[in-house]
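Examining the three-dimensional arrangement
In case you want the letters, here they are:
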Amino acid sequence: RTGLSVRLRALSAPWSGCRSIEVEAADGSTWQVLAGKEADDNDRLSTREGRSDEPWMHVAGVPGSHVVVRRIDEKGPAGAPPDVIRKAAGIAAFYSKSKGSGKASVH
């Protein structure tokens, strides 16, 4: 157990083409993982909605969601902790064509 908590309660997404997932890190900080639903949503998320200080990722070589990690509160570190980045990478893999393959390369 990593101490990482994921809540699927509704955090408002910036628009309807975006999933919003709340992730609580082991250090207690809270993060929002945003995942695009379609190709146009991915473009919007990674080029217009995502901020320059927010990490974003996607699975290499297969269609799938672009994912942005956004800070919700002021508690904890300025950058997303490694446990949150790992969870966001898992979310990117889950919402991709590599889902179920057991392996995905997330960039």
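Please refer to the structure higher up on the page.
Only a predicted model underlies this, so the values are computations on that prediction, with no experimental measurement involved. (Residues numbered from 1 in each chain as written. Predicted model: local features only at pLDDT ≥ 70, side-chain atom pairs only at ≥ 80, totals over all residues. Heavy atoms only, no water.)

1. Quick notes on helix α1 (residues 39-49)
We count it as follows: For every residue, the accessible area (1.4 Å probe, protein chains only) is compared with the maximum for its type, and the residue is labelled buried under 20%, exposed over 50%, or partly exposed between those bounds. Helix numbers and strand numbers start at the N terminus; a helix is a DSSP run of H or I with at least 4 residues, a strand a run of E with at least 2. It is the directions from the helix axis to the C-beta atoms that the arc portrays.
Taken together, the buried positions of α1 are D41, N42 and L45. Along the axis of α1, the buried positions cluster into a sector of 105 degrees, meaning they face one direction only. With respect to the buried face of α1, the exposed residues turned more than 90 degrees away are A39, D40, T47 and R48.

2. Quick word on the environment of P55
Here is the rule we go by: Here, residues are in contact when the closest pair of their heavy atoms is within 4.5 Å.
Looking at where P55 falls in the secondary structure, it is placed in the loop between α1 and β4 (56-57). By relative accessible area, which is 27% here, P55 ends up partly exposed. Separated by 33 residues in sequence, P55 and A88 have C-alpha atoms that sit 9.6 Å apart. Beyond its immediate sequence surroundings of up to four residues, P55 is in contact with V67, V68, V69, A80 and I85.

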